[in-house]
Amino acid sequence: KKRILSMYQCTGTFTLGNYLGALRNHIKLQDEGYQCVYALADLHALTVRQVPAELRRYTKEAYAWLLAMGLDTEKTVFFIQSQVPQHSQLAWLLNCYTQFGELSRMTQFKDKSAKHADNINAGLFTYPCLMAADILLYQADFVPVGADQKQHVEIARDIAERFNGIYGDTFTVPEPLIPKHGARVMSLQNPLSKMSKSDENQNGNISVLDDPDTILRKFKRAKTDSGSEVRFAEGKEGVNNLMNIYAAVTGKTMEEIEREFEGKGYGDFKPAVAEAVISELRPIQERYHELLADKEFLEKTYREQAPRAAALAQRTLSKVMRKVGLVS
Ligand code: AQP
(Lines give C-alpha, C1' and ligand atoms only; values in the text may rest on other atoms or scores of the structure.)
Protein backbone atom coordinates (compact mmCIF):
# COMPACT_ATOMS: atom_id res chain seq x y z
CA LYS A 1 0.00 0.00 0.00
CA LYS A 2 1.18 3.51 -0.78
CA ARG A 3 1.62 5.64 2.30
CA ILE A 4 0.22 9.13 2.84
CA LEU A 5 1.38 11.59 5.47
CA SER A 6 -0.56 14.69 6.39
CA MET A 7 -0.28 17.07 9.31
CA TYR A 8 -2.47 19.94 10.41
CA GLN A 9 -1.72 23.03 12.42
CA CYS A 10 -3.76 23.37 15.57
CA THR A 11 -3.33 27.07 16.15
CA GLY A 12 -7.06 27.74 16.03
CA THR A 13 -10.37 26.19 15.10
CA PHE A 14 -10.48 24.69 11.62
CA THR A 15 -12.21 26.84 9.03
CA LEU A 16 -14.60 25.84 6.28
CA GLY A 17 -11.56 26.30 4.03
CA ASN A 18 -9.54 23.67 5.92
CA TYR A 19 -12.60 21.41 5.89
CA LEU A 20 -13.56 21.65 2.20
CA GLY A 21 -10.06 22.21 0.86
CA ALA A 22 -8.25 19.54 2.82
CA LEU A 23 -9.73 17.57 5.72
CA ARG A 24 -12.78 16.17 3.94
CA ASN A 25 -10.76 14.92 1.00
CA HIS A 26 -7.87 13.63 3.08
CA ILE A 27 -10.03 11.54 5.37
CA LYS A 28 -11.58 9.81 2.36
CA LEU A 29 -8.14 8.54 1.38
CA GLN A 30 -8.21 6.04 4.27
CA ASP A 31 -10.92 4.18 2.31
CA GLU A 32 -9.24 4.53 -1.06
CA GLY A 33 -6.45 2.01 -0.62
CA TYR A 34 -3.83 4.19 1.03
CA GLN A 35 -2.15 3.69 4.37
CA CYS A 36 -2.64 7.04 6.04
CA VAL A 37 -0.57 8.62 8.79
CA TYR A 38 -2.09 11.83 10.12
CA ALA A 39 -0.97 14.14 12.89
CA LEU A 40 -1.47 17.49 14.56
CA ALA A 41 1.59 19.68 14.20
CA ASP A 42 1.81 21.25 17.64
CA LEU A 43 5.62 21.61 17.50
CA HIS A 44 5.28 23.66 14.32
CA ALA A 45 2.76 25.88 16.10
CA LEU A 46 5.50 27.04 18.49
CA THR A 47 7.30 28.93 15.73
CA VAL A 48 4.75 31.64 16.47
CA ARG A 49 4.11 32.67 20.09
CA GLN A 50 1.08 30.80 21.45
CA VAL A 51 -0.97 31.11 24.61
CA PRO A 52 -0.13 27.75 26.29
CA ALA A 53 -3.64 26.92 27.55
CA GLU A 54 -5.11 27.78 24.14
CA LEU A 55 -2.64 25.67 22.21
CA ARG A 56 -3.48 22.69 24.43
CA ARG A 57 -7.20 23.28 24.00
CA TYR A 58 -6.99 23.76 20.22
CA THR A 59 -4.94 20.57 19.92
CA LYS A 60 -7.52 18.47 21.75
CA GLU A 61 -10.36 20.11 19.85
CA ALA A 62 -8.72 19.48 16.50
CA TYR A 63 -8.15 15.87 17.51
CA ALA A 64 -11.81 15.45 18.41
CA TRP A 65 -12.91 17.18 15.21
CA LEU A 66 -11.02 14.78 12.96
CA LEU A 67 -12.40 11.79 14.86
CA ALA A 68 -15.88 13.28 14.51
CA MET A 69 -15.33 13.54 10.77
CA GLY A 70 -14.80 9.80 10.65
CA LEU A 71 -11.05 9.42 10.87
CA ASP A 72 -10.74 5.77 11.85
CA THR A 73 -7.81 5.08 14.16
CA GLU A 74 -8.01 1.36 13.38
CA LYS A 75 -7.06 2.08 9.78
CA THR A 76 -5.17 5.32 10.15
CA VAL A 77 -2.43 6.28 12.58
CA PHE A 78 -3.43 9.62 14.07
CA PHE A 79 -1.18 11.22 16.66
CA ILE A 80 0.03 14.47 18.17
CA GLN A 81 3.49 15.42 16.89
CA SER A 82 5.05 16.36 20.25
CA GLN A 83 4.17 12.91 21.64
CA VAL A 84 6.45 11.21 19.15
CA PRO A 85 10.01 12.37 20.00
CA GLN A 86 11.49 10.96 16.79
CA HIS A 87 10.22 14.07 14.95
CA SER A 88 12.49 16.40 16.94
CA GLN A 89 15.37 13.92 16.78
CA LEU A 90 15.31 13.52 13.01
CA ALA A 91 14.70 17.25 12.54
CA TRP A 92 18.03 17.98 14.26
CA LEU A 93 19.86 15.54 12.04
CA LEU A 94 18.23 16.99 8.91
CA ASN A 95 19.22 20.49 10.03
CA CYS A 96 22.77 19.38 9.42
CA TYR A 97 21.95 18.33 5.85
CA THR A 98 20.05 21.46 4.85
CA GLN A 99 21.67 24.59 3.56
CA PHE A 100 21.17 28.10 4.90
CA GLY A 101 20.60 29.29 1.35
CA GLU A 102 17.78 26.91 0.57
CA LEU A 103 15.95 27.74 3.80
CA SER A 104 16.34 31.46 3.04
CA ARG A 105 14.49 31.00 -0.23
CA MET A 106 11.32 29.57 1.37
CA THR A 107 8.46 31.95 0.67
CA GLN A 108 6.67 30.97 3.85
CA PHE A 109 9.68 32.07 5.90
CA LYS A 110 9.78 35.36 4.07
CA ASP A 111 6.03 35.91 4.59
CA LYS A 112 5.96 34.84 8.22
CA SER A 113 9.07 36.79 9.19
CA ALA A 114 7.55 39.90 7.66
CA LYS A 115 4.34 39.28 9.61
CA HIS A 116 6.03 38.44 12.92
CA ALA A 117 9.00 40.83 12.70
CA ASP A 118 9.34 40.89 16.50
CA ASN A 119 9.90 37.12 16.71
CA ILE A 120 11.95 35.80 13.81
CA ASN A 121 13.14 32.76 15.72
CA ALA A 122 15.40 29.95 14.54
CA GLY A 123 12.46 27.53 14.55
CA LEU A 124 10.63 29.63 12.01
CA PHE A 125 13.70 29.43 9.80
CA THR A 126 14.32 25.68 10.13
CA TYR A 127 10.61 24.77 10.05
CA PRO A 128 11.06 22.96 6.70
CA CYS A 129 13.56 20.56 8.35
CA LEU A 130 10.98 19.56 10.94
CA MET A 131 8.41 19.21 8.19
CA ALA A 132 10.82 17.07 6.15
CA ALA A 133 11.36 14.92 9.26
CA ASP A 134 7.58 14.53 9.65
CA ILE A 135 7.30 13.21 6.12
CA LEU A 136 10.51 11.18 5.80
CA LEU A 137 10.15 9.36 9.14
CA TYR A 138 7.12 7.52 7.75
CA GLN A 139 8.63 6.84 4.33
CA ALA A 140 5.59 8.60 2.87
CA ASP A 141 4.98 8.18 -0.86
CA PHE A 142 2.53 11.06 -1.05
CA VAL A 143 1.81 14.25 0.85
CA PRO A 144 -1.55 15.86 0.08
CA VAL A 145 -0.98 19.59 -0.22
CA GLY A 146 -2.54 22.77 -1.41
CA ALA A 147 -0.64 24.75 -4.04
CA ASP A 148 0.69 27.06 -1.31
CA GLN A 149 2.55 24.20 0.39
CA LYS A 150 4.20 22.61 -2.61
CA GLN A 151 7.51 24.26 -1.82
CA HIS A 152 7.68 22.39 1.49
CA VAL A 153 7.36 19.02 -0.19
CA GLU A 154 9.98 20.07 -2.71
CA ILE A 155 12.51 20.87 0.00
CA ALA A 156 11.73 17.55 1.73
CA ARG A 157 12.41 15.83 -1.59
CA ASP A 158 15.69 17.72 -1.98
CA ILE A 159 16.80 16.79 1.53
CA ALA A 160 15.84 13.13 0.98
CA GLU A 161 17.66 12.94 -2.34
CA ARG A 162 20.74 14.60 -0.92
CA PHE A 163 20.84 12.22 2.04
CA ASN A 164 20.23 9.17 -0.17
CA GLY A 165 23.00 10.41 -2.45
CA ILE A 166 25.54 10.48 0.38
CA TYR A 167 24.51 7.39 2.37
CA GLY A 168 22.59 5.21 -0.09
CA ASP A 169 18.84 4.61 -0.17
CA THR A 170 17.41 5.65 3.17
CA PHE A 171 14.33 7.74 2.55
CA THR A 172 11.39 7.35 0.19
CA VAL A 173 11.32 10.53 -1.91
CA PRO A 174 7.78 11.91 -1.37
CA GLU A 175 5.52 13.34 -4.03
CA PRO A 176 2.90 16.03 -3.60
CA LEU A 177 -0.66 14.80 -4.06
CA ILE A 178 -3.00 17.53 -5.22
CA PRO A 179 -6.53 16.30 -4.49
CA LYS A 180 -8.94 16.37 -7.44
CA HIS A 181 -11.76 18.10 -5.60
CA GLY A 182 -9.73 20.50 -3.49
CA ALA A 183 -11.88 23.60 -3.34
CA ARG A 184 -10.02 26.78 -2.47
CA VAL A 185 -12.20 28.79 -0.15
CA MET A 186 -11.73 32.54 0.05
CA SER A 187 -12.52 34.98 2.85
CA LEU A 188 -16.19 36.04 2.87
CA GLN A 189 -15.08 39.60 3.51
CA ASN A 190 -12.20 39.72 1.07
CA PRO A 191 -12.68 37.15 -1.69
CA LEU A 192 -9.18 37.82 -3.00
CA SER A 193 -7.47 36.31 0.05
CA LYS A 194 -7.93 32.78 1.33
CA MET A 195 -10.11 31.95 4.27
CA SER A 196 -7.72 31.52 7.17
CA LYS A 197 -7.85 30.52 10.85
CA SER A 198 -5.73 33.48 11.83
CA ASP A 199 -7.79 36.08 9.95
CA GLU A 200 -8.36 39.02 12.26
CA ASN A 201 -11.73 39.64 10.69
CA GLN A 202 -13.73 36.67 12.00
CA ASN A 203 -16.67 37.62 9.77
CA GLY A 204 -14.58 36.54 6.81
CA ASN A 205 -14.08 33.05 8.10
CA ILE A 206 -16.57 30.30 8.90
CA SER A 207 -15.28 28.14 11.72
CA VAL A 208 -16.38 24.51 11.59
CA LEU A 209 -17.77 25.01 15.10
CA ASP A 210 -19.89 28.08 14.30
CA ASP A 211 -23.55 27.67 15.25
CA PRO A 212 -26.29 27.95 12.60
CA ASP A 213 -27.17 31.57 13.44
CA THR A 214 -23.56 32.67 13.13
CA ILE A 215 -23.12 30.83 9.83
CA LEU A 216 -26.28 32.42 8.43
CA ARG A 217 -25.24 35.89 9.59
CA LYS A 218 -21.75 35.58 8.10
CA PHE A 219 -23.05 34.39 4.74
CA LYS A 220 -25.69 37.15 4.64
CA ARG A 221 -22.93 39.71 5.18
CA ALA A 222 -20.57 38.15 2.64
CA LYS A 223 -19.08 40.67 0.19
CA THR A 224 -20.47 40.26 -3.32
CA ASP A 225 -20.83 42.94 -6.00
CA SER A 226 -23.32 45.55 -7.13
CA GLY A 227 -25.03 43.08 -9.50
CA SER A 228 -27.66 40.54 -8.57
CA GLU A 229 -27.17 37.61 -10.92
CA VAL A 230 -25.89 34.30 -9.55
CA ARG A 231 -23.38 33.59 -12.28
CA PHE A 232 -19.78 32.33 -12.24
CA ALA A 233 -17.76 35.04 -13.99
CA GLU A 234 -14.63 37.11 -13.83
CA GLY A 235 -14.97 40.16 -11.62
CA LYS A 236 -17.59 38.43 -9.46
CA GLU A 237 -15.08 36.95 -7.00
CA GLY A 238 -17.42 37.14 -4.02
CA VAL A 239 -20.21 35.30 -5.84
CA ASN A 240 -17.75 32.85 -7.37
CA ASN A 241 -16.52 31.98 -3.90
CA LEU A 242 -20.07 31.39 -2.64
CA MET A 243 -20.78 29.27 -5.70
CA ASN A 244 -17.62 27.24 -5.09
CA ILE A 245 -18.65 26.60 -1.52
CA TYR A 246 -22.19 25.66 -2.56
CA ALA A 247 -20.85 23.36 -5.28
CA ALA A 248 -18.39 21.67 -2.91
CA VAL A 249 -21.08 21.01 -0.32
CA THR A 250 -23.97 19.98 -2.57
CA GLY A 251 -22.01 18.33 -5.39
CA LYS A 252 -23.86 20.51 -7.94
CA THR A 253 -22.11 21.95 -11.00
CA MET A 254 -21.86 25.69 -11.68
CA GLU A 255 -24.46 25.39 -14.47
CA GLU A 256 -26.89 23.65 -12.15
CA ILE A 257 -26.43 26.36 -9.56
CA GLU A 258 -26.94 29.13 -12.14
CA ARG A 259 -30.15 27.43 -13.25
CA GLU A 260 -31.37 26.92 -9.70
CA PHE A 261 -31.05 30.65 -8.95
CA GLU A 262 -32.07 32.04 -12.30
CA GLY A 263 -34.27 35.09 -11.78
CA LYS A 264 -33.46 35.13 -8.09
CA GLY A 265 -30.92 37.42 -6.43
CA TYR A 266 -28.17 37.23 -3.84
CA GLY A 267 -30.87 37.61 -1.18
CA ASP A 268 -32.05 34.06 -2.01
CA PHE A 269 -28.66 32.61 -2.81
CA LYS A 270 -26.76 33.57 0.35
CA PRO A 271 -29.15 31.86 2.83
CA ALA A 272 -29.22 28.79 0.58
CA VAL A 273 -25.42 28.52 0.78
CA ALA A 274 -25.62 29.01 4.55
CA GLU A 275 -28.25 26.26 4.90
CA ALA A 276 -26.19 23.84 2.85
CA VAL A 277 -23.13 24.49 5.01
CA ILE A 278 -25.16 24.20 8.21
CA SER A 279 -26.54 20.78 7.24
CA GLU A 280 -23.11 19.58 6.14
CA LEU A 281 -21.52 20.52 9.47
CA ARG A 282 -24.39 19.68 11.83
CA PRO A 283 -23.88 15.90 12.20
CA ILE A 284 -20.12 16.33 12.60
CA GLN A 285 -20.62 19.05 15.20
CA GLU A 286 -22.94 16.73 17.14
CA ARG A 287 -20.41 13.91 17.20
CA TYR A 288 -17.67 16.40 18.01
CA HIS A 289 -19.45 17.66 21.12
CA GLU A 290 -20.02 14.10 22.33
CA LEU A 291 -16.38 13.20 21.81
CA LEU A 292 -15.08 16.33 23.48
CA ALA A 293 -17.28 15.70 26.50
CA ASP A 294 -15.65 12.28 26.97
CA LYS A 295 -12.20 13.50 28.03
CA GLU A 296 -11.02 10.05 29.07
CA PHE A 297 -11.78 8.51 25.72
CA LEU A 298 -10.07 11.33 23.85
CA GLU A 299 -6.91 11.16 25.98
CA LYS A 300 -6.81 7.40 25.81
CA THR A 301 -7.10 7.52 22.03
CA TYR A 302 -4.27 9.95 21.35
CA ARG A 303 -2.03 8.38 23.96
CA GLU A 304 -2.49 4.97 22.35
CA GLN A 305 -1.77 6.33 18.90
CA ALA A 306 1.60 7.89 19.79
CA PRO A 307 3.50 4.60 20.29
CA ARG A 308 2.06 3.24 17.03
CA ALA A 309 3.54 6.22 15.21
CA ALA A 310 6.78 6.01 17.20
CA ALA A 311 7.29 2.38 16.19
CA LEU A 312 7.09 3.32 12.51
CA ALA A 313 9.24 6.42 13.00
CA GLN A 314 11.94 4.65 15.01
CA ARG A 315 12.69 2.25 12.16
CA THR A 316 13.69 5.17 9.96
CA LEU A 317 15.46 7.08 12.73
CA SER A 318 17.62 4.07 13.72
CA LYS A 319 18.65 3.61 10.12
CA VAL A 320 19.61 7.27 9.79
CA MET A 321 21.55 7.29 13.07
CA ARG A 322 23.55 4.25 12.01
CA LYS A 323 24.29 5.69 8.59
CA VAL A 324 25.59 9.03 9.82
CA GLY A 325 27.89 7.36 12.37
CA LEU A 326 26.11 7.62 15.70
CA VAL A 327 26.72 4.70 18.05
CA SER A 328 23.74 2.48 18.85
N1 AQP B 1 -8.99 28.73 2.47
C2 AQP B 1 -8.60 27.50 2.19
N3 AQP B 1 -9.14 26.83 1.15
C4 AQP B 1 -8.76 25.57 0.87
N5 AQP B 1 -7.85 24.89 1.57
C6 AQP B 1 -7.28 25.50 2.63
N7 AQP B 1 -6.35 25.09 3.54
C8 AQP B 1 -6.13 26.11 4.41
N9 AQP B 1 -6.89 27.16 4.10
C10 AQP B 1 -7.62 26.82 3.00
C11 AQP B 1 -5.73 23.78 3.57
O12 AQP B 1 -5.96 23.21 4.83
C13 AQP B 1 -4.92 22.29 5.14
C14 AQP B 1 -4.52 22.39 6.56
O15 AQP B 1 -3.92 23.61 6.79
P16 AQP B 1 -3.16 23.90 8.12
O17 AQP B 1 -4.03 23.58 9.28
O18 AQP B 1 -1.83 23.26 8.12
O19 AQP B 1 -2.96 25.46 8.11
P20 AQP B 1 -2.93 26.55 7.00
O21 AQP B 1 -2.78 26.05 5.63
O22 AQP B 1 -1.92 27.54 7.46
O23 AQP B 1 -4.39 27.07 7.18
P24 AQP B 1 -4.92 28.41 7.73
O25 AQP B 1 -6.34 28.17 8.12
O26 AQP B 1 -4.68 29.51 6.76
O27 AQP B 1 -4.11 28.68 9.04
P28 AQP B 1 -3.25 29.94 9.47
O29 AQP B 1 -4.22 31.08 9.48
O30 AQP B 1 -2.76 29.57 10.84
O31 AQP B 1 -2.15 30.09 8.46
C32 AQP B 1 -3.82 22.53 4.12
O33 AQP B 1 -3.82 21.45 3.19
C34 AQP B 1 -4.22 23.81 3.43
O35 AQP B 1 -3.83 23.84 2.06
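Residues numbered from 1 in each chain as written. Predicted model: local features only at pLDDT ≥ 70, side-chain atom pairs only at ≥ 80, totals over all residues.

A look at the overall build of the protein
The helix and strand inventory of the protein stands at 13 helices and five strands. Projected onto the principal axes, the alpha-carbon positions of the protein cover approximately 75 × 45 × 40 Å. Counting all 328 residues of the protein, 38% fall into the buried class. Across the protein, the fraction of contacts at a sequence separation of at least 24, relative to all contacts at a separation of at least 6, is 75%. (Helix = DSSP H or I, 4+ residues; strand = E, 2+ residues; numbered from the N terminus. Buried ≥ 20, exposed ≤ 12 C-beta atoms within 10 Å, placed from the backbone. Contact = placed C-beta atoms within 7 Å.)

So, the packing of helix 3 (residues 52–68) against helix 12 (residues 266–293)
The N-to-C vectors of helix 3 and helix 12 enclose an angle of 130°; their axes lie 8 Å apart at closest approach. Considered as vectors, helix 3 and helix 12 are oriented oblique to each other. In this structure, helix 3 crosses over helix 12, and the sense of that crossing is right-handed. From helix 3, Glu-61, Ala-64, Trp-65, Leu-67 and Ala-68 reach across to helix 12, where they touch Ile-284, Arg-287, Tyr-288, Leu-291 and Leu-292. Class assignment for the residues of the contact of helix 3 with helix 12 results in eight nonpolar, no polar and two charged. (Axes fitted to C-alpha atoms, helices over the stretch in contact; angles between N-to-C directions. Parallel < 35°, antiparallel > 145°, perpendicular 65-115°, else oblique. Left-handed = near helix turned anticlockwise from the far one by under 90°. Nonpolar A, V, L, I, M, F, W, Y, C, P; charged D, E, K, R; others polar.)

Quick word on the domain arrangement of the protein
The domains assigned to the protein are domain 1 (3–178 + 295–324) and domain 2 (202–290). Tallying the contact residues gives 10 residues for domain 1 and 11 residues for domain 2. Broken down by secondary-structure element, the contributors of at least two residues to the side of domain 1 that touches domain 2 are helix 1 (16–28) and helix 3. Tallied by class, residues from the side of domain 1 that touches domain 2 come to eight nonpolar, two polar and no charged. (Domains from an automatic or database assignment.)

Details of the pairing of strand 2 (residues 35–40)
The element strand 2 is largely enclosed, with a buried count of five among its six residues. Relative to strand 2, strand 1 (residues 3–8) runs parallel, the two being bridged by six bridges. Each residue of the ladder has a partner; that of Ile-4, found in strand 2, is Cys-36. Following the backbone out of strand 1, through helix 1 and into the adjacent parallel strand 2, one traces a crossover that is right-handed. For strand 2 and strand 3 (residues 77–80), the ladder comprises four bridges, and the chain directions are parallel. Bridging across to strand 3, Leu-40 finds its partner in Ile-80. (Pairing = 2+ DSSP bridges. Right-handed = clockwise from strand over helix to strand, strands pointing away.)

Examining the UniProt feature "binding site: L-tryptophan" (unreviewed entry) in the protein
UniProt feature "binding site: L-tryptophan" (unreviewed entry): in the numbering of this structure it lies at Asp-134. Locating Asp-134 in the fold gives a position in helix 7 (residues 122–137). Take Asp-134: there are 28 C-beta atoms within 10 Å of it, and that puts it in the buried class. Aside from chain neighbours lying at most four places away, what touches Asp-134 is Leu-5, Met-7 and His-87. (UniProt positions renumbered as here; feature names shortened; annotations may be inferred.)

Points about unusual backbone geometry
Its identity is not glycine, yet Gln-139 carries a phi of approximately 50°, on the positive side. Structurally, the position occupied by Gln-139 is in the loop between helix 7 and strand 4 (142–144).

Quick word on the site of the ligand
In the region of the ligand, 19 residues are neighbours, and Gly-17, Gly-21, Gly-146, Ser-196 and Ser-198 sit closest. Among the elements that make up the shell around the ligand, the one with the highest residue count is helix 1 (four residues). Counted by class, the shell around the ligand contains five nonpolar, 10 polar and four charged residues. (Near = placed C-beta within 6 Å.)

Quick word on the environment of Gly-168
Within the secondary structure layout, Gly-168 lies in the loop between helix 8 (150–167) and strand 5 (175–177). Placed 155 residues apart in sequence, Gly-168 and Lys-323 show a C-alpha to C-alpha distance of 8.9 Å.

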